[in-house]
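The primary structure of each chain is shown beneath.
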Amino acid sequence: MENSSNLFDDILKKLQESLREFNCKSEIKVSDKEAMLYGKFKQYMEKYNIVIHITQEGYTPVTAGSGKIKAKVEEYQRISMPNLNTQSFTAQRANCSQEQQLELKNKFMREAVEIGNEFLRKMNTP
Amino acid sequence: MPTLSNYWFKDTDFRGDTTFLSIQHPAGGWAWINWSNIGDKHSTLTWEREDSEVTYDLVSLLNTPLVLNLIDSNLGEAQRTSDLRVGWVPRKYLPYASSGGALDLFLRLSFNFHISTPWYCSDADGHIDYIIACYLDSAGHVGAYVDGWAYQYNGGGPFCTGEISSRLSSAVPGAIGTLQQQLNLFLELLGRRQFDMLYYLPGSAERSGSGTTNVNDRVSLALLPR
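Residues numbered from 1 in each chain as written. Chains lettered and ligands numbered in written order. Predicted model: local features only at pLDDT ≥ 70, side-chain atom pairs only at ≥ 80, totals over all residues.

## Things to note about the sheet that holds strand β11 (residues 209-214) of chain B
Residues and elements named next belong to chain B.
Thought 1: With respect to topology, 4 strands assemble into an open sheet ordered β3-β1-β2-β11, the strand pairing being antiparallel. Every interior strand has two partners, whereas the edge strands, β3 (43-49) and β11, have only one. Sheet twist, expressed as the average angle between the axes of neighbouring strands with direction ignored, equals 20 degrees. (Pairing = 2+ DSSP bridges. Helix = DSSP H or I, 4+ residues; strand = E, 2+ residues; numbered from the N terminus. Axes fitted to C-alpha atoms, helices over the stretch in contact; angles between N-to-C directions.)

Take a look at the structure:
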């Protein structure tokens, strides 16, 4: 990358020197993978623009970038962040825990059987 | 009285244009919501909100001259061309690889920018995003850190994209230190309090009535104080 930048810089500076012979004032911009020289000059009462663009072979212009910041390990360990996952694991935050709810249900079912038996007994009693 | 909020999202996984309706109802009683025509929606959420809930509309909170000046002074040659947006983004839609729950929610602080270029290139217009993770620690204190960054733009052709991208790739992550500093300042104040729960709500977290918003651009922070 640095080699490319240096090479671009060398080439364009030499071109810039040559262009001075034509009274062409030019500027150079060099980045990692491409470089350019642009200038304007006047000859024989005509105005000219000159643009020289150099890139590495196969270079595709990129118009987006992103990156992740390395988080501290302890922050990851402490994290309890908002999410939209199915939150069945938060059932214990309800008025009573899942175990207590099941216990209540089972207790009721046992009572319901007794009620049913009593009902049948009464029905069968003349 | 508790509040039932119902949200419908244009996109799957709770993203994009959002239609909402919130209704208060007696504890132990029905909450009634009639939708005449919900239209082209692809995901929905319902949340039962407790009376103790405290909410902060993050867009209103951050679009103050103090914060905007701070951001503008870190932009260099770029100009901010929009207000700040603060939306949510599920982990699976982050612009970089990240391990964890696919539907863990991050905040995305974003704004549009414009970069003027010399005559031989078109100007560039795009947006810069900072991804922020908020959480509660084991003691119920709120924490937050900048998790990542991104930018995307149109223009800059035919010769200037290299230089523009190169500068943005160093300037955008370069401003994270300042952003984290401000977050820490805010967290220090919040650190005096403990909370049972931290979550986000679409828009301004209205507790009654209906309306529309876009969760990509506007969410509120909700806390249940301990």
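## Section: the confidence of the model for chain B
All names here are of chain B.
Thought 1: Counting all residues, the mean pLDDT for chain B is 91, and 100% of those residues have values of 70 or more.
Thought 2: Within chain B, the element-level pLDDT minimum falls on helix α4 (residues 176-190), averaging 82, and the maximum on strand β6 (residues 85-90), averaging 97.
Thought 3: Reported for the predicted complex are a pTM of 0.83 and an ipTM of 0.83. (pLDDT = per-residue confidence, 0-100.)

## Focus on the nonpolar core
Thought 1: Among the nonpolar cores identified, the biggest contains 53 residues, and B:Trp88, B:Phe106, B:Ile132 and B:Tyr200 are the most heavily contacted of them.
Thought 2: Those residues in contact with B:Tyr200 that lie beyond four places of it in its chain are A:Pro82, B:Trp88, B:Leu105, B:Val219, B:Ser220, B:Leu221 and B:Ala222. (Core = buried A, V, L, I, M, F, W, Y, C linked by C-beta atoms within 7 Å. Buried ≥ 20, exposed ≤ 12 C-beta atoms within 10 Å, placed from the backbone. Contact = placed C-beta atoms within 7 Å.)

## What to know about the interface of chain A and chain B
Thought 1: The partner chain B presents 43 residues to the 28 residues of chain A that form the contact.
Thought 2: Broken down by class, the residue content of the side of chain A that touches chain B amounts to 12 nonpolar, 9 polar and 7 charged.
Thought 3: Sheet topology note: the strand β4 (residues 64-68) of chain A/strand β9 (residues 142-155) of chain B ladder contains 5 bridges and is antiparallel. Bridging across to β9(B), A:Ala64 finds its partner in B:Gln152. (Nonpolar A, V, L, I, M, F, W, Y, C, P; charged D, E, K, R; others polar.)

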